[in-house]
Amino acid sequence: KTEIYLPQVLHVEAGTVRALDYEQDILFALDWSGIDPAPLVAKIPENFTSAERQMRRIHLVDSGKERIVADVTDATGERLAFDPAYAVRMVSDLVPNAWIARALVGGLVDGLKRRGFADEVLGKLHGLLIEELRKWLTAERDRMAETLFRQEVTAGRIQFRLRADRHNWHMPKDSVTYEPKGADQLPGADGEPLHRSLFAPIYKNDLNEQEREVAVYLDAEKSLVWWHRNVARHQYVVQGWRRERIYPDFVFAVRPGNQYHKGNRLVVMETKGDQLQGNRDTEYKRAVLQLMTETFQIDQTQRVGELSMVNPDGTTVECDLVLMSEWKTKLPE
């Protein structure tokens, strides 16, 4: 019967509170005016060899049985040209303003021409230029987005807090399983069914092998009030400064010393395999979750008739990314 709420990443401005929208609040707010493509211009090699183009004639030859052959007739005389408009379309998901994108593409072309790249050479390097342009713009976008996100957090326009006005994520009353009745349930450390999960029963096939180990460990901890295996793309989510959302694997509540409402801790945990350590996506998620932990707050304003925060003093929310090889040492903390 307990109503469980988790904080969301919210955009708060001029009295309006809503979930943070990546496109509206981050991507479209980026200032590209000060971006100089000079580093990208300097990176393009002068001696890059593009794919050769040939004219081929394909025909049938009757030699007892028909077969298909292809003869090279000559190199194509097609004159390739770099198409700025096409390049703009190819980066529209990174730079949504076509005029700004065209200026950046123009800066790249002008810089290469100053280096001595002729129009014919630019045409031959068309594929390479667009590939490198996308890589460079992606890195610049993410750099600016993180700076903007952190500035908005400092200014209070992006918040991560439990609010008294119901702008929180509400734990649902039910969860979907695709396992039939009678399927094998996941036993706890004592061999009995898991009993601290918010949803029951928990079937073995609802979790992968590593998640089962974590679930069994959590369920056996006496200081743990409840735990929940978050269902990706359907339940709790954390929005950071990239388009991709973070769907934590586990959420659990800890009551140290078994004293209710004294030093309660909600933990939002994302897990990753060791092979992804140092990976760009992994480090991004770790940074977002760390920032959310540092900026978490509880709204002290009481809204009668809507939501009362019961003795919020001392309650914390901790977000973390844990490698699967280290959960046995990190979770006890």
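Please refer to the structure higher up on the page.
Attention in this report is confined to the structure presented alongside it. (Residues numbered from 1 in each chain as written. Predicted model: local features only at pLDDT ≥ 70, side-chain atom pairs only at ≥ 80, totals over all residues. Heavy atoms only, no water.)

**With respect to the overall build of the chain**
Using the following cut-off: Runs of H or I in DSSP of at least four residues are treated as helices and runs of E of at least two as strands, each being numbered from the N terminus. For every residue, the accessible area obtained with a 1.4 Å probe (protein chains only) is divided by the maximum for its type, and the residue is called buried under 20%, exposed over 50%, and partly exposed between those limits. Contacts between residues were defined by any pair of non-hydrogen atoms, one from each residue, lying within 4.5 Å. To be clear on the numbers: accessible area is Shrake-Rupley with a 1.4 Å probe, and residue cover counts the displayed protein chains and nothing else.
Check the secondary structure of the chain and you find 9 helices and 12 strands. When each of the 333 residues of the chain is scored for burial, the buried share is 42%. Partitioning the contacts of the chain with sequence separation of at least 6, the portion at a separation of at least 24 is 68%. Surface exposure of the chain reaches about 19300 Å², of which carbon and sulfur atoms provide 48%.

**Points about the pairing of strand β6 (residues 158–162)**
Where we set the bar: The pairing criterion for strands is at least two bridges between them, as found by DSSP.
For β6, the tally of buried residues reaches 5 of 5 residues, placing the bulk of the element in the interior. Alternating residues of β6 divide into Ile158, Phe160 and Leu162 and Gln159 and Arg161, and every residue in both groups is buried. As defined by bridge partners, strand β2 (residues 8–13) adjoins β6 across 4 bridges and the pair is classed as antiparallel. Paired with Val9 across the strands is Phe160, a residue of β6. Pairing between β6 and strand β11 (residues 297–298): 2 bridges, direction parallel. Within the sheet, the bridge partner assigned to Arg161 lies in β11 and is Gln297.

**What about the pattern of salt bridges?**
This is how it is decided: Each reported salt bridge corresponds to a side-chain nitrogen of Lys or Arg within 4 Å of a carboxyl oxygen of Asp or Glu.
Enumeration over the complete set of coordinates arrives at 24 salt bridges. The partner of Arg143 in a salt bridge is Glu140, and the shortest N-O contact between them spans 2.7 Å. With Arg143 and Glu140 both in helix α6 (residues 126–155) and 3 residues apart, this pair spans about one turn of that helix. Taking the relative accessible area as the measure of exposure, Arg143 reaches 43% and is therefore partly exposed. The class of Glu140 is buried, set by a relative accessible area of 16%.

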